[in-house]
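Inside the fold
Here is what each chain is made of, one letter per residue.
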Amino acid sequence: MPALEALLVCLFVRIGCILAQDTVVGDLVLHPVCLTHDDCLENEICTNQKCENPCNCACGGNTTCHVENHVVACACWPGYSGDAIKGCIQDHYSGCWPPYAGAIKRYEVEAIKVNWYTAYAHCLTHGRRLATITSCEENEQIKEVIRQSGLGPQFWASGTDYSLGSYWTWMSTGHPFTFTDWSPNQPDNWQDLPGGEHCLELWQDGQYRWNDRNCMELQFPICEYYE
């Protein structure tokens with residue numbers, strides 16, 4: 001490269017550094033060279049002698065990134081919390097459903113005997129909801145919680161077919177049953193008693209399998225929550 005051309009290239013490189021932008025010399029694209037952050041725009045930093053936007057990799061997931069005077073500031077999105085450098089997770093508030101990502105469902109028997117309607121309200125007022133059972137694994141989990149409670153013999157979950165005939169749903173979610181564990185010959189709406197049997201119980205006599213029961217009977221609620 002002739003001496004004069006080389007001198008011009010060096011001059012353009014220096015100008016590019018001052019302006020903090022790419023400089024085109026013929027077919028060459030010369031990236032700005034920096035020695036300190038002050039050689040770059042206010043929303044950039046000097047990395048490996050190049051001016052770069054640090055927001056490309058400075059913050060974790062579910063965050064916003066802002067750069068002012070070469071200082072990077074990471075912040076969690078609204079409704080998220082945690083370490084903004086590593087990544088934020090969605091906040092969970094009691095009574096807010098569905099649960100946050102990665103949450104684990106837990107069951108707990110409440111040591112109070114109430115009718116099904118009061119059981120539903122009781123769980124909600126404690127930041128929980130009356131139990132739903134959507135898989136064999138959850139069914140075994142809830143039975144173990146019942147056994148460990150030392151209470152009995154009957155327990156409310158949120159299943160009901162009230163006003164829907166034989167169409168059973170989980171009142172806590174509005175979802176239809178996709179898994180069942182009915183006792184033999186159940187549900188039967190036994191003898192068509194006044195008020196019928198329209199609420200789901202787990203009963204000790206049936207090895208905690210499911211049975212339909214009159215909603216006004218007094219039983220122990222099983223609440224569910226997430227952690």
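Keep in mind that what you see is a predicted model, and the values were worked out from it rather than measured. (Residues numbered from 1 in each chain as written. Predicted model: local features only at pLDDT ≥ 70, side-chain atom pairs only at ≥ 80, totals over all residues. Heavy atoms only, no water.)

A look at the pattern of salt bridges
As a reminder, the rule being used: For this document, the term salt bridge refers to a Lys or Arg side-chain nitrogen within 4 Å of an Asp or Glu carboxyl oxygen. Only DSSP runs of H or I with at least four residues qualify as helices, and only runs of E with at least two residues qualify as strands; both kinds are numbered from the N terminus onward. Each residue gets one of three labels from its accessible area relative to the maximum for its type: buried under 20%, exposed over 50%, partly exposed in between, using a 1.4 Å probe on protein chains only.
Evaluated as defined, the whole model comprises twelve salt bridges. Where Lys143 meets Glu140, a salt bridge forms, and the shortest distance between an N and an O atom there is 4.0 Å. Linking Lys143 with Glu140, this pair stays in helix H3 (residues 136-149), spanning three residues, or about one helical turn. The class of Lys143 is buried, set by a relative accessible area of 7%. Three or more residues are tied together by salt bridges with common partners; here these are Lys105, Arg129, Glu138 and Glu224.

Side note on unusual backbone geometry
Looking along the chain, the bond that leaves Gly152 and enters Pro153 is cis, with omega of 5°. Assignment of secondary structure puts Pro153 in the loop between H3 and strand S11 (154-160). Even without being a glycine, His70 presents a positive backbone phi close to 70°. Position of His70 among the secondary structure elements: in the loop between strand S5 (63-68) and strand S6 (71-76). His70 gets classed as buried once you look at its relative accessible area, which sits at 14%. Positive phi, normally seen in glycine, also occurs at Asn185, with a value near 65°. The topology assignment puts Asn185 in the loop between strand S12 (169-170) and strand S13 (199-203).

Here's the deal with the pairing of strand S15 (residues 220-226)
Going by this rule: Two strands form a pair only when DSSP identifies at least two bridges running between them.
Of all seven residues in S15, six are buried; the element is thus mostly enclosed. Direction of pairing for strand S10 (residues 129-130) relative to S15: antiparallel, over a ladder of two bridges. Paired with Arg129 across the bridge in S15 is Glu224. Pairing of S11 with S15 involves two bridges; the strand directions are parallel. Residue pairing across strands places Trp156 opposite Pro221, the latter belonging to S15.

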